[in-house]
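Single-letter residue listing:
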Amino acid sequence: MAGSPKITRIETFLAPPRWLFVRVETDDGVVGWGEPVVEGRAEPVRAAVAVLAEHLLGQDPARIEDHWQVMTKGGFYRGGPVLSSAVAGLDQALWDIKGKRCGLPVHQLLGGPVRDRVRAYAWVGGDEPAEIRDALAAQIEAGFTAVKMNGCGRMSPLATRAEVRACLRRAETAREVLGDERDFALDFHGRLSPSNARRLLPLLAEYAPLFAEEPVLPEQVEALPGLVGASGVPLALGERLYTRREFLAPLQAGVAVVQPDVSHAGGISELRRIAALAETYGAHLAPHCPLGPVALAASLQVAFTTPNFLIQEQSLGIHYHRGAELLDYVVDSAPFRFDRGALLRTDRPGLGVEVDEAAVRAADAAGGHTWRNPVWRYEDGAFAEW
Ligand SMILES: [Mg+2]
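These numbers were taken from a predicted model, which means no experiment stands behind them.

Q: Hey, could you go over the overall build of the protein for me, with residue numbers and the actual values?
A: Counting its secondary structure elements, the protein contains 12 helices and 14 strands. Computed over its C-alpha atoms, the radius of gyration of the protein comes to 20 Å, within 12% of the 21 Å expected for a compact globule of 386 residues. C-alpha atoms of the protein, sized along the principal axes, occupy 70 × 45 × 45 Å. Out of the 386 residues belonging to the protein, those deemed buried represent 50%. For the protein, the share of sequence-separated contacts (at least 6 apart) that also reach a separation of at least 24 residues comes to 72%.

Q: Run through the sheet that holds strand β1 (residues 7-15), naming residues and quoting values.
A: Strands belonging to one sheet form pairs held by backbone hydrogen bonds; the direction of such a pair is parallel or antiparallel. The antiparallel open sheet is built from 3 strands, whose spatial order is β1-β2-β3. The open sheet has two edge strands with one neighbour each: β1 and β3 (31-34). Strand-to-strand twist of the sheet, defined as the mean angle between neighbouring strand axes without regard to direction, takes the value 20 degrees. One ladder, built from 8 bridges, connects β1 with strand β2 (residues 19-26); its direction is antiparallel.

Q: Any details on the UniProt feature "domain: Mandelate racemase/muconate lactonizing enzyme C-terminal" (unreviewed entry) in the protein? Residues and values, ideally.
A: Under the UniProt annotation, "domain: Mandelate racemase/muconate lactonizing enzyme C-terminal" (unreviewed entry) lies at residues 129-234. The straight-line gap between the two end C-alpha atoms of residues 129-234 is 23 Å; of that span, 46% is helix and 11% is strand.

Q: Outline the pairing of β3, supporting the account with residue identities and numerical values.
A: As defined by bridge partners, β2 adjoins β3 across 4 bridges and the pair is classed as antiparallel. Each residue of the ladder has a partner; that of Glu-25, found in β3, is Val-31. If you look at the hairpin formed by β2 and β3, you'll find 4 residues sitting between the two strands, and Gly-29 has a positive phi there, around 85 degrees.

Q: Let's hear about the packing of helix α10 (residues 267-280) against helix α11 (residues 293-305): which residues, and what values?
A: When two helices pack together, their arrangement is given by the angle between their axes and by how far apart the axes lie. Between α10 and α11, the shortest axis-to-axis distance is 10 Å and the interhelical angle comes to 40 degrees. Crossing of α10 over α11 shows right-handed handedness. Listed contacts from α11 to Ile-268, Leu-271, Arg-272 and Ala-275 of α10 are Ala-298, Gln-301 and Val-302. Here the contact of α10 with α11 is built from residues that sort into 5 nonpolar, 1 polar and 1 charged.

Q: So what's going on with helix α1 (residues 42-56)? Which residues, and what values?
A: Taking 1.5 Å of rise per residue, the 15 residues of α1 would be expected to cover 21 Å, and the 20 Å separating its terminal C-alpha atoms lies within 8% of that figure. Where α1 is concerned, the buried positions are Ala-42, Val-45, Arg-46, Ala-48, Val-49, Leu-52 and Leu-56. Along the long axis of α1, the arc covered by the buried residues comes to 160 degrees, so they all point the same way. Of the residues in α1, the exposed ones pointing more than 90 degrees away from the buried face are Val-51 and Glu-54. Looking at the buried positions of α1, the neighbouring elements they touch are β1, β2, α2 (64-73) and α3 (81-102). Just past α1, the residue Gly-58 takes up positive phi, approximately 90 degrees.

Q: Which residues make up the environment of Gly-3, and what values go with them?
A: One can find Gly-3 in the segment before β1. Judged by the 5 C-beta atoms lying within 10 Å of it, Gly-3 falls in the exposed class. Spatially, the C-alpha atoms of Gly-3 and Leu-237 are 44 Å apart, while their sequence positions differ by 234 residues.

Q: For unusual backbone geometry, give the residues involved together with the corresponding values.
A: Pro-17 follows Pro-16 through a cis peptide bond whose omega is 5 degrees. When you line up the elements, Pro-17 lands in the loop between β1 and β2. Although it is not a glycine, His-189 sits at a positive phi angle of roughly 55 degrees. Of note, His-189 is situated in the loop between β6 (183-187) and α7 (194-204). The class for His-189 is buried, based on 20 C-beta atoms found within 10 Å. A positive phi angle is found at Ala-208, which is not glycine, with a value near 50 degrees.

Q: Please set out the environment of Glu-246 residue by residue, giving values where relevant.
A: Here Glu-246 lies in helix α9 (residues 244-253). Take Glu-246: there are 19 C-beta atoms within 10 Å of it, and that puts it in the partly exposed class. In the structure, Glu-246 is positioned 25 residues away from Val-221 in sequence and 9.9 Å away in space, judged by C-alpha atoms.

Q: Outline the environment of Ala-122, listing residues and values.
A: Looking at the secondary structure, you find Ala-122 in strand β4 (residues 117-124). What makes Ala-122 buried here is the crowd of 25 C-beta atoms within 10 Å. Separated by 26 residues in the primary sequence, Ala-122 and Lys-148 have C-alpha atoms spaced 6.3 Å apart. In this structure, Ala-122 is in contact with Gln-139, Ala-142, Phe-144, Val-147, Leu-316 and Gly-317, ignoring residues within four places of it in sequence.

The rules behind each value
- Residues numbered from 1 in each chain as written.
- Predicted model: local features only at pLDDT ≥ 70, side-chain atom pairs only at ≥ 80, totals over all residues.
- Helix = DSSP H or I, 4+ residues; strand = E, 2+ residues; numbered from the N terminus.
- Rg over C-alpha atoms; globule rule 2.2 N^0.38 Å.
- Buried ≥ 20, exposed ≤ 12 C-beta atoms within 10 Å, placed from the backbone.
- Contact = placed C-beta atoms within 7 Å.
- Pairing = 2+ DSSP bridges.
- Axes fitted to C-alpha atoms, helices over the stretch in contact; angles between N-to-C directions.
- UniProt positions renumbered as here; feature names shortened; annotations may be inferred.
- Left-handed = near helix turned anticlockwise from the far one by under 90°.
- Nonpolar A, V, L, I, M, F, W, Y, C, P; charged D, E, K, R; others polar.
- Expected span 1.5 Å × (residues − 1).
- Arc of directions from axis to C-beta.

In structure tokens form, the structure reads like this:
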């Protein structure tokens, strides 16, 4: 189309602790940023972005939906975390460009704000009750009204009484320290077998966690109706689901909270659709986001305009990260300044974040990272879920 801008350059940058940034430039000098990454698989996502760039170069950046369709479906084979994360980061960058070109924040382009504050939770690391107690107190001191922590460590296929008690003690400690006005969520990382989950969830109910996340692996969809019925604890999942189609069965099973990641599940475009699908089931959106500033900014744009939004994950102080963190790659940290545990809406255009390009380029030039998650094993040597 004559007169419309063209995408002229697409670059990616690996940056510690475990992230990948994409920079998309147009022929009239507008730059958009995204985070196309799935933790521990940054290099294959980078390669996928390079292949998708073949389609985008020379194209009009404004045609976000058409690009999404082609990038997601145009290669015949589709789906999975690597491709959908590559699409996700590019989708974020295209929304950033559109917002900057219009002089509007992305949430205005998505229908306008429905809220001015986005409640977020902080991660609490540590495994022993004493460590948890100190970490919880620190997050209360920092103003957070909700935290999340791991629900358990490595768990035997059929849990011992000691393993069950250790999990309950964590929940009991959290409730004691937080009182009844604040929330804690438990992330099980799919470490519970369906049998363990059926045993544990009813026992956790008295501590009223905000939700229990990934009690079982996401592919064990057939276990979900039984687990929803096993206790009053709301179930959450979705960081390892990538399309609205994959969320349908969990929603039909009655999960309370969906947790798509804006950098894994097809970007802002697909996150919006997953949220709308969840809304029809009376379920709530709590986007997964242990990632960097662009992913968080993109997630916030959706949160500001999504009626059934519940709470936002964010990575400040997360125990997985060593050597770099959220604020290391932004020029101005103001959009990520917490106000009583919430992030505030701004009218900054695009995603509302200014990436420190020099810092991102320097991180990549220094070798980026090779982050991999730990591999856990049982005492007999067999693989265990991390
Ligand atoms: Mg999780």
